[in-house]
Amino acid sequence: MNSNTHSVRPSDGVAALTMAVEQLATQDLTGVTDAVRAERVLVLRRLLDRREGHWLNELAAVDAGGAAGAEEDVQAGSTAGWLRGRLRMGAAAASNAVRTARACSVAPYPEPVRP
């Protein structure tokens, strides 16, 4: 599969998100007021943060399931190595992403036992 394409099911929301991002990229913002532009910046940052959280959840599942490379029907040596190769991430960024995803997916600590 080409790294510039994806094969997601339209029902999973990723296709709709992709379309929405493409629409944003083509919007003509000529004449938009400073107030509207400032508000857009804030809203877009919040959306990016939420999207990053979803990405980390998905990455944690890929990592836990050993699914890195599955999109090309191969088994990647490591999830970080897979991110480096497929997304051209630097070694530190890829390792940090996997470490963060793992940390975010840790099950909550059990309730302490009280005597």
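Residues numbered from 1 in each chain as written. Predicted model: local features only at pLDDT ≥ 70, side-chain atom pairs only at ≥ 80, totals over all residues. Heavy atoms only, no water.

**Topic: the packing of helix 2 (residues 34-64) against helix 3 (residues 79-87)**
Their axes nearest at 10 Å, the elements helix 2 and helix 3 cross at an angle of 120 degrees. The pairing of helix 2 with helix 3 is recorded here as oblique in orientation. The chirality of how helix 2 crosses helix 3 is right-handed. Note on element contacts: helix 3 touches helix 2 through Thr79, Trp82, Leu83 and Leu87, opposite Trp55, Leu59, Val62 and Asp63. Class assignment of the residues belonging to the contact of helix 2 with helix 3 gives a composition of six nonpolar, one polar and one charged. (Axes fitted to C-alpha atoms, helices over the stretch in contact; angles between N-to-C directions. Helix = DSSP H or I, 4+ residues; strand = E, 2+ residues; numbered from the N terminus. Parallel < 35°, antiparallel > 145°, perpendicular 65-115°, else oblique. Left-handed = near helix turned anticlockwise from the far one by under 90°. Contact = heavy atoms within 4.5 Å. Nonpolar A, V, L, I, M, F, W, Y, C, P; charged D, E, K, R; others polar.)

**Section: the side chain of Asp63**
Mapped onto the elements, Asp63 comes out in helix 2. Here the side chain of Asp63 touches Arg102 through a polar contact of 2.6 Å, side chain to side chain. Excluding residues within four positions of it along the chain, Asp63 makes contact with Thr79, Val98 and Arg102. (Polar contact = N/O pair within 3.5 Å; in protein donor to acceptor, adjacent residues only side chain to side chain.)

**Focus on the environment of Gln75**
Mapped onto the elements, Gln75 comes out in the loop between helix 2 and helix 3. Apart from the residues lying within four places of it in its own chain, the contact partners of Gln75 are Gly66 and Ala68. Among the polar contacts made by the side chain of Gln75, one reaches the main-chain carbonyl oxygen of Gly66 at a distance of 3.2 Å.

**Examining helix 4 (residues 91-104)**
Turn by turn, an α-helix covers 3.6 residues, leaving residues three or four places apart pointing in a common direction. Look at helix 4: 20 Å from first C-alpha to last across 14 residues, which is about the 20 Å you get at 1.5 Å a residue. Within helix 4, the full set of buried residues consists of Ala94, Ala97, Val98 and Ala101. When helix 4 is viewed along its axis, its buried side chains cluster within an angular range of 95 degrees and face the same direction. Set apart from the buried face of helix 4 by more than 90 degrees, the exposed residues are Ala92, Arg99 and Ala103. Each element contacted by the buried residues of helix 4 is listed here: helix 2 and helix 3. (Expected span 1.5 Å × (residues − 1). Buried < 20%, exposed > 50% of the residue type's maximum accessible area, 1.4 Å probe, protein only. Arc of directions from axis to C-beta.)

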